[in-house]
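Below are the chains, spelled out letter by letter.
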Amino acid sequence: MPNQFVITSVLLHPKSVGYIELASNDPFDGPVINPKYLQHEADVNTLMKGLRKVVQLNETSHMRAVSGPPTPQPKCPHTYGTDEYLEWTIRHFTTTGYHPVGTCAMGTSKDTSVVDPELRIHQVKNLRIVDGSVIPQITSGNTVAPI
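Just so it is clear, the structure is predicted and the values come from calculations on it, not from any experiment.

Thoughts on the side chain of Asn-58
Mapping Asn-58 onto the fold places it in helix 1 (residues 41-58). Not counting residues up to four positions away in its chain, the partners in contact with Asn-58 are Phe-5, Ile-7, Met-63, Arg-64, Pro-70 and Tyr-80.

Structure (structure tokens):
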């Protein structure tokens, strides 16, 4: 059996924007969370550019010498390496590797934000939000560092 490895493409700054909202006024009902992954075509295009580079790298003699031929997705109806194959793979196997942020808008208006610039929840006394939900845009690295 040849050596095996995984090379992947990572989308650091997605343009797709999801949402989180209350399912009801019952505090025991879980929230509705829709990350809306890959809803913005630019996200798919960026990942396809990365995967094209992965396919090119896989096709070099140096990589073939240490691994062997790639193993295409058996259920994909498209030819390995084509744009259709790459998009199918992206839409079926993409997952998140980062921690979502930006679910609690920060601002001075009680109508358009959840917390003020000092992280105090509007109209609630003695309660602050001090996690990644107040970070307006995701960082390029893991969110553990800024939090």
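Side note on the nonpolar core
Core analysis: the largest hydrophobic core is formed by 13 residues, its most contacted members being Leu-38, Leu-47, Met-48, Leu-51, Leu-86 and Ile-90. Sorting the residues of this core by element identifies helix 1 and helix 3 (83-93) as the ones contributing at least two each. Looking at this core element by element, the count peaks at six residues for helix 1. Apart from the residues within four sequence positions on either side, Leu-51 is in contact with Ser-9, Leu-86 and Ile-90. Formed by five residues, the second largest nonpolar core is a distinct cluster that contains Cys-104, Val-115, Ile-129 and Val-134.

Some points on the confidence of the model for the protein
Low-pLDDT portions of the prediction should not be read for the details of their coordinates. Looking at the protein as a whole, the pLDDT averages 88, with 97% of positions reaching at least 70. Confidence, expressed as mean pLDDT per element, reaches its minimum in the protein at helix 2 (residues 61-66) with 85 and its maximum at helix 3 with 94.

Looking at the environment of Cys-104
One can find Cys-104 in the segment after helix 3. The sequence separation of Cys-104 and Ile-20 amounts to 84 residues, and the corresponding C-alpha distance is 9.4 Å. In this structure Cys-104 touches Val-114, Val-115, Ile-129, Ser-133 and Val-134, once residues within four positions along its chain are discounted.

Cut-off values and rules
- Residues numbered from 1 in each chain as written.
- Predicted model: local features only at pLDDT ≥ 70, side-chain atom pairs only at ≥ 80, totals over all residues.
- Heavy atoms only, no water.
- Helix = DSSP H or I, 4+ residues; strand = E, 2+ residues; numbered from the N terminus.
- Contact = heavy atoms within 4.5 Å.
- Core = buried A, V, L, I, M, F, W, Y, C linked by side-chain atoms within 4.5 Å.
- Buried < 20%, exposed > 50% of the residue type's maximum accessible area, 1.4 Å probe, protein only.
- pLDDT = per-residue confidence, 0-100.

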